[in-house]
Every structure is written in C-alpha cells, then in structure tokens.
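Spelled out, the chains give:
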Amino acid sequence: QVQLVESGGGLVQAGGSLRLSCVASGRTFSTYLMGWFRQAPGKEREFVAAITWNGGSTYYKDSVKGRFTISRDNAKKTLYLQMNSLKSEDTAVYYCAADRNPLVRPAASEYDYWGQGTQVTVSS
C-alpha cells in the first residue's frame, strides 16, 4: 500500500508557473505507474499526465503538452508536475495517483491510490 501527499499548489497569474510535488510512503513507490489528475468545480476528474515506473515514458493530456512536465525521483519517492504558461482553464484541484498496473490508462477509476489534492488557481 502507498500513501500520497501533494503540495505546491497556490494562486498564480496567467502565464506563470507552479511545481507540484507528491511524496509517497511505503517501499514500493518505484514499482507504480504514477499519474496526475485534476478536477474543476462541477466537472469530472480528468487525466493530466502519467509516467512509467522508471520514468522512461511520459504521457500528457493534449491541452497541457508543451506546458506541463511530469517527472519522478524514485530515490526520494516523489512525483513532480512542472506547470508553465498556466491558463485560467488549468484552475482545479490536482491529485496524484498510483497504479499497480504498468500500462498507462487515462481513466481515474483504474488507479489504486490517491492523494488528498492540492488547489491550483490561475487568475486571468
């Protein structure tokens, strides 16, 4: 089992940057595929990005490609999401999630463990 704690959210102006972190507990972090999701008010939780267990492959929602970068440090048991050129439509609660299945699947229901979320607000 793994527990996940996100941090790094906040209020930023459009065009600005934020870096989210997700620290994991447990000994098996390096075996999990990790993902970032977000949920805006009144909307369903949506896939943002994912990274394979060794960081060898990454996947992104089309609207964040070229602006967001997902990465991980298995020695530190930490997942990151660097967000640049932020837009008002990026405003949401951001969640990190862990999946025991090594295949990338964009459905939130496929992930096994979730953090509590961190709020990102982008002002225009």
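Preceding this section is the structure that the text describes.
The model shown is predicted, which means the values in this text are computed figures rather than measured ones. (Residues numbered from 1 in each chain as written. Predicted model: local features only at pLDDT ≥ 70, side-chain atom pairs only at ≥ 80, totals over all residues. Heavy atoms only, no water.)

All right, on to the pairing of strand 11 (residues 118-123) then. Residues of strand 11 alternate between two faces, with Thr118, Val120 and Val122 buried on one and Gln119, Thr121 and Ser123 left unburied on the opposite face. As paired elements, strand 2 (residues 10-13) and strand 11 share four bridges and run parallel to each other. Bridge pairing in strand 11 places Leu11 opposite Thr121. Two elements, strand 9 (residues 92-99) and strand 11, share three bridges in a ladder whose sense is antiparallel. Counted as the bridge partner of Tyr94 is Thr118 from strand 11. (Buried < 20%, exposed > 50% of the residue type's maximum accessible area, 1.4 Å probe, protein only. Helix = DSSP H or I, 4+ residues; strand = E, 2+ residues; numbered from the N terminus. Pairing = 2+ DSSP bridges.)

Moving on, we get to the packing of aromatic side chains. One pass over the full model with this rule turns up six aromatic pairs. Ring geometry for Tyr95 against Trp114: centres 6.3 Å apart, planes inclined by 80°, an arrangement best described as edge-to-face. Taken together, the positions of Tyr95 in strand 9 and Trp114 in strand 10 (residues 113-114) put the pair 19 residues apart, joining distant regions of the chain. Note on Trp114: relative accessible area 28%, which makes it partly exposed. Centre to centre, the rings of Tyr111 and Trp114 are 6.1 Å apart; their planes meet at 55°, and the pair counts as tilted. Taken together through their ring pairs, the aromatic side chains of Phe37, Phe47, Tyr95, Tyr111 and Trp114 make up a single cluster. Its end group placed over the ring of Tyr80, Arg19 keeps NZ or CZ at 4.0 Å from the ring centre. Seen from the ring of Phe29, Arg72 lies directly overhead, with NZ or CZ sitting 4.6 Å from the centre. (Phe/Tyr/Trp six-rings, centres within 6.5 Å; stacked < 30°, edge-to-face > 60°. Lys NZ or Arg CZ within 6 Å of the ring centre and 35° of its normal.)

In the structure shown here, the tally under the stated rule is eight salt bridges. Put simply, Asp90 and Arg38 hold a salt bridge, and the shortest N to O gap is 2.9 Å. Taken together, the positions of Asp90 in the loop between strand 8 (78-83) and strand 9 and Arg38 in strand 4 (residues 33-39) put the pair 52 residues apart, joining distant regions of the chain. Among the ionic pairs, Asp90 bridges to Arg67, the shortest N-O distance being 2.8 Å. Placement of the pair is Asp90 in the loop between strand 8 and strand 9 and Arg67 in the loop between strand 6 (58-60) and strand 7 (68-73), with a sequence separation of 23 residues. For Arg67, a relative accessible area of 10% gives the class buried. If you follow the salt bridges from partner to partner, you end up with Arg38, Glu46, Lys61, Arg67 and Asp90 in one network. (Salt bridge = Lys/Arg side-chain N within 4 Å of Asp/Glu carboxyl O.)

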